[in-house]
Amino acid sequence: MRAGVIYLVPVPIGNLGDITLRALDTLKKVSLIACEDTRKTAFLLSQYEISIPKLLSFHKFNERSREKVIFEHLDKGEDIAVVSDAGSPAISDPAQLLVAEAVKHQYTVQALPGATAFVPALSISGFSTSAFQFIGFLPAKNKAREAILTQIAHYPFPSIVYESVHHLKASLEDMLPFFPRRRIAIAREISKLHEECVRGILEDLLANYDITEKGEFVIVIDGAEEPQIDFPNEEAIRLVAEAKGKKSRELAADLAQRFGVSKNRAYAFVLEQRR
C-alpha cells in the first residue's frame, strides 16, 4: 500500500480571494486536515463551500505529539493537508518540525505556492529586492535577540521581521541602538481592507510614533550601506607591490577584508596595479 502525501496548503492572510484553485482542489480531496485552530479552518472551508473532513488540531504546542497520528494516516495511503490560520505552513507557523521528520522517514511532502506576508511587504518597501534575509519573529531571549540585531545591522541587503501588535513598539525600540538611521518599512494588514505601509528612518518614526497598532506587522529593514573607506590608499598600493607571488584573487580577498571593501572593488584595484 502506498504512503500518502503531506500537502502544505497556504490559505489567505486576509483577502479570501487570494486562495489558489490548486489549494481549493487539495482541500476538497484530502480526508484529513491538520490545522492550528479547527474552528477557523472550519469557517474557512465553509466560505468556499467545501465539505468539512476530519480536522486535527495541530499547533506549536502539540506538533510533535501529532506526528504519530499523521504518519499512521499516511501509511494507510491517505493524503493529508496542513494549514495554518493564515499564510504558508512552516513559515513562522507550525509544520517545520513535521516536515523534517517526514523527510527523515521518506514520506512525500509537497508545498503549494500561495499567500505569505513577507513577499508583498518586501515588494512594497521600496528597497532592493535582489537579495534579502527572512528572520521571522525575533528571539525572546535578550542575548539571542541582540545577536540577531547585530547581524541585521551589518547585513548588506534588506532583512524581514514579523511582529505582533503587542510587541511592535518595544521591538522597534530594541532595534534603535543597532541601526538608528536605517530606513525601514512597516507593513500591516496586508491584503486586508485597512492595509498600510509606513516608511521612514527608524529613529524618526519612533520620535514621532504614529503607527496604528492593529493587526499583524511585517518590518522590512533596509540593508547596511557599504562604509566609505579611503581606498585605494598608500598602504594598499604597498601591499600589492610586496605580494608579487600571490594570486590576484587571493590578494583581493585579503585587501577586501583588511579595508572593509567589496571583493570586486579590491580585485579591480589589484589588476590595475599589476598592469
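Keep in mind it's a predicted model, so treat the numbers as computed, not measured.

(A) Up close: the overall build of the protein chain. Along the backbone of the protein chain there are 11 helices and 10 strands. Over its C-alpha atoms the protein chain spans a radius of gyration of 24 Å, topping by over 25% the 19 Å that the globule rule assigns to 275 residues. Counting the 275 residues in the protein chain, one finds 44% classified as buried. Carbon and sulfur atoms make up 51% of the accessible area of the protein chain, which totals about 15400 Å². Averaging the positions of the 34 positive and the 36 negative side-chain charges in the protein chain gives two centres separated by 5 Å.

(B) Looking closely at the nonpolar core. Of all hydrophobic cores here, the largest spans 20 residues; its most connected members are Leu 172, Met 175, Phe 179, Ile 186 and Ile 221. Setting aside residues up to four positions removed in sequence, Phe 179 forms contacts with Leu 149, Ile 152, Ala 153, Leu 202 and Ile 221.

(C) Local environment of the sheet that holds strand S3 (residues 54-57). What the 5 strands build is an open sheet, ordered S3-S2-S4-S1-S5; its pairing is parallel. Only two strands of the sheet have a single partner each, and these edge strands are S3 and strand S5 (108-111). On average, each strand axis in the sheet is tilted by 25° relative to the strand beside it, whichever way the strands run. Two elements, strand S1 (residues 5-8) and S5, share 4 bridges in a ladder whose sense is parallel. Opposite Ile 6, over in S5, you have Val 109 as the bridge partner. Relative to S3, helix H2 (residues 38-47) is tilted by about 145°, and along the sheet it contacts strand S2 (32-35), S3 and strand S4 (80-83).

(D) The pattern of salt bridges, seen in detail. Under the defined criterion, the tally for this structure stands at 14 salt bridges. Of the charged contacts in the structure, one is a salt bridge between Asp 174 and Arg 145, with a shortest N-O distance of 2.8 Å. Taken together, the positions of Asp 174 in helix H7 (residues 168-175) and Arg 145 in helix H6 (residues 142-154) put the pair 29 residues apart, joining distant regions of the chain. Its relative accessible area of 33% is what places Asp 174 among the partly exposed residues. One continuous salt-bridge network, built from bridges that share partners, spans Arg 64, Glu 67 and Glu 101.

About the cut-offs
Residues numbered from 1 in each chain as written. Predicted model: local features only at pLDDT ≥ 70, side-chain atom pairs only at ≥ 80, totals over all residues. Heavy atoms only, no water. Helix = DSSP H or I, 4+ residues; strand = E, 2+ residues; numbered from the N terminus. Rg over C-alpha atoms; globule rule 2.2 N^0.38 Å. Buried < 20%, exposed > 50% of the residue type's maximum accessible area, 1.4 Å probe, protein only. Areas by Shrake-Rupley, 256 points an atom, 1.4 Å probe, with all protein chains shown as cover. Lys, Arg positive; Asp, Glu negative; His and termini not counted. Charge placed at Lys NZ, Arg CZ, Asp CG, Glu CD. Core = buried A, V, L, I, M, F, W, Y, C linked by side-chain atoms within 4.5 Å. Contact = heavy atoms within 4.5 Å. Pairing = 2+ DSSP bridges. Axes fitted to C-alpha atoms, helices over the stretch in contact; angles between N-to-C directions. Salt bridge = Lys/Arg side-chain N within 4 Å of Asp/Glu carboxyl O.

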